[in-house]
Amino acid sequence: MTEDDVAPPRVLIADDQTLVRTGFRMILRDAGIPVVAEAADGAQAVAAALEHHPDVVLMDIRMPEMDGLEATRRILAAEPGAGCRIIMLTTFDLDQYVYGALAAGASGFLLKHVSPEYLTAAIRMVRSGDALLAPSITRRLVERFALQAPAPALRRRELSHLTPRELDVLRLLARGLSNAEIAAQLTLSDATVKTHVARLLAKLQLRDRIQAVILAYETGLVSAGPPD
């Protein structure tokens, strides 16, 4: 099956600025990506997501009534929204709310002045199951904010379910290495690393690599600062 055979992702735009929503809607329309609904605040975003079941939500972090962080939590916690992918929209790339959104299950974030080409590529990327954030960027976010909210002991005990090799992979993943770089470091094939990543995500019940990086820092598996 080619990319052309796959139906375009259905998108919900949630932003309290009408001009932002209009601009994004025009960009997506020109790219052949349907916008199934719009929302001007977090409460509207939750209602629209549960009614229209979009593949991807573009979610502004700071909105009236209910912010994007709480809206993200509610959408992903509801059964109809569990399969939805959420991209956070922000003005600042190290906004403290971004970390909270990623920890809540968002698949990444975009700056509002993103180019049209990158916006459409990002939507297709997260729809396919990838996380829209390089591990190195996630690491910067985690190093700045993770220590403010250490993981409970229950989360730390979950690491005991991982094999020694899976723990090695998680440590390197949290340091920002790609699958190819992890493979080279551990003398493994790319396919084997991909399998280890998939297994550790399943065992830890995590949505994607971003949450794995966050958990690695919160549990103390790796620590902020230069690599050991």
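So, a few notes on the structure that sits alongside this text. Just so you know, these numbers come straight off a predicted model, no measurement behind them. (Residues numbered from 1 in each chain as written. Predicted model: local features only at pLDDT ≥ 70, side-chain atom pairs only at ≥ 80, totals over all residues. Heavy atoms only, no water.)

Helix and strand counts for the protein come out as eleven helices and five strands. When each of the 228 residues of the protein is scored for burial, the buried share is 47%. Counting only contacts in the protein whose residues sit at least 6 apart along the sequence, the fraction spanning at least 24 positions is 68%. (Helix = DSSP H or I, 4+ residues; strand = E, 2+ residues; numbered from the N terminus. Buried < 20%, exposed > 50% of the residue type's maximum accessible area, 1.4 Å probe, protein only. Contact = heavy atoms within 4.5 Å.)

Attention now goes to unusual backbone geometry. The backbone of His-53 sits at a positive phi, close to 50°, despite the residue not being glycine. Take His-53: it is sitting in the loop between α2 (42-52) and β3 (56-60). Here His-53 falls in the partly exposed class, since its relative accessible area comes to 42%. At Thr-187, a position not held by glycine, the phi torsion is positive, near 55°.

Angle between the axes and distance between the axes are the two parameters that describe a pair of packed helices. Two elements in contact, helix α1 (residues 18-30) and helix α5 (residues 116-127), have axes whose closest approach is 10 Å; the angle formed by their N-to-C orientations is 75°. In terms of orientation, α1 and α5 fall into the roughly perpendicular class. Residues Phe-24, Ile-27 and Leu-28 of α1 form the contact with α5, whose participating residues are Pro-116, Leu-119, Thr-120 and Ile-123. Here the residues of the contact of α1 with α5 sort into six nonpolar, one polar and no charged. (Axes fitted to C-alpha atoms, helices over the stretch in contact; angles between N-to-C directions. Parallel < 35°, antiparallel > 145°, perpendicular 65-115°, else oblique. Nonpolar A, V, L, I, M, F, W, Y, C, P; charged D, E, K, R; others polar.)

As a further point, take the sheet that holds strand β2 (residues 35-39). The five strands are arranged β2-β1-β3-β4-β5 in an open sheet whose pairing can be described as parallel. The sheet is open, and its two borders are formed by β2 and β5 (108-111), each paired with just one other strand. Taken over all neighbouring pairs, the strand axes of this sheet differ in orientation by 20° on average, direction set aside. Bridging between strand β1 (residues 11-14) and β3 involves four bridges; their strand directions are parallel. Residue pairing across strands places Ala-14 opposite Met-59, the latter belonging to β3. The strands touched by α2 are β1, β2 and β3; relative to β2, the strand with the most contacts, the crossing angle is about 160°. (Pairing = 2+ DSSP bridges.)

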